[in-house]
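The chain contents come next:
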Amino acid sequence: MPPPSVLTVEPIGRDAVALAQCMAIDADAFPYASVHFGQRAASVRVTVARDEREGRVVGFLAGGARRGVLHVHGLAVDRALRRRGVGRALVRDAAARARAEGLRALVLQVGVGNAAALALYESEGFYIARRIRGYYPASVYGGERDAYQMVFGV
Ligand SMILES: CC(C)(COP(=O)(O)OP(=O)(O)OC[C@H]1O[C@@H](n2cnc3c(N)ncnc32)[C@H](O)[C@@H]1OP(=O)(O)O)[C@@H](O)C(=O)NCCC(=O)NCCS
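Report follows, based on the coordinates. (Residues numbered from 1 in each chain as written. Predicted model: local features only at pLDDT ≥ 70, side-chain atom pairs only at ≥ 80, totals over all residues.)

### Examining the overall build of the protein
- Across its full length, the protein carries three helices and seven strands.
- Beginning at the N terminus, the succession of helices and strands in the protein can be written as β-α-β-β-β-α-β-α-β-β.
- For a compact globule of 154 residues, the expected C-alpha radius of gyration is about 15 Å, and the protein comes in at 15 Å, within 12% of that figure.
- Seen through its C-alpha atoms, the protein measures out along the principal axes to roughly 40 × 35 × 35 Å.
- Sorting the 154 residues of the protein into buried and exposed places 28% on the buried side.
- Taking all contacts inside the protein whose residues are at least 6 apart in sequence as the whole, residues at least 24 apart take part in 63%. (Helix = DSSP H or I, 4+ residues; strand = E, 2+ residues; numbered from the N terminus. Rg over C-alpha atoms; globule rule 2.2 N^0.38 Å. Buried ≥ 20, exposed ≤ 12 C-beta atoms within 10 Å, placed from the backbone. Contact = placed C-beta atoms within 7 Å.)

### Quick notes on the site of the ligand
- Lining the immediate environment of the ligand, one finds 20 residues, of which Arg82, Gly87, Arg88, Ala116 and Leu120 sit closest.
- Elements with a minimum of two residues in the shell around the ligand: β4 (69-77), α2 (86-101), β5 (105-111) and α3 (115-123).
- Ranked by residues supplied to the shell around the ligand, first place goes to α3 with six residues.
- For the shell around the ligand, the residue count by class is 12 nonpolar, four polar and four charged. (Near = placed C-beta within 6 Å. Nonpolar A, V, L, I, M, F, W, Y, C, P; charged D, E, K, R; others polar.)

### Quick look at the environment of Gly87
- Structurally, Gly87 is set in helix α2.
- Taking the number of C-beta atoms within 10 Å as the measure of exposure, Gly87 has 23 and is therefore buried.
- For the pair Gly87 and Ala105, spaced 18 residues apart in sequence, the C-alpha to C-alpha distance is 18 Å.
- Dropping the residues within four chain positions of it, Gly87 is found in contact with Gly59, Leu75, Val77 and Leu120.

Here it is as structure tokens:
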């Protein structure tokens, strides 16, 4: 499928409407809040992908820098607009920003059964650093509780 008409990726800034749109995408994508959007920007940075023609947020990536590493806490794309390159654009933007800041890697956790996300990360050059047993609560992903920790050196 083609990408949304014109896709832009940029920090969310102080846009409360965009924040609400991120929360809606998050609530639809995960059985729990993947990101604590209420936290101050210093600890959680959110970048949003927008369809410029409509102006609305179609995906987000949230993370925080700690000890030279960008920890990605959440990534999700509007269900209706998946598989059009939005997730890849968000990951590439995060990597470019991390590189520009002098960070050395991106790190994230992903459910071992999350085929779409695993395929995206692997195709972008992430590798599986370890398997974390019991990472998710039992109620979340139908009993599959393990996550992979994935790393991408920038
Ligand atoms: C994972 C997610 C963010 C991917 O976003 P997306 O915009 O659909 O991904 P893209 O279109 O950029 O896809 C990039 C690549 O990822 C892989 N991929 C994406 N979705 C896939 C799927 N459903 N099945 C297999 N591979 C998939 C493909 O390699 C794809 O490249 P291709 O389309 O050229 O083959 C999206 O599926 C999502 O929001 N999922 C729910 C939330 C989630 O699981 N987030 C990750 C938490 S760690």
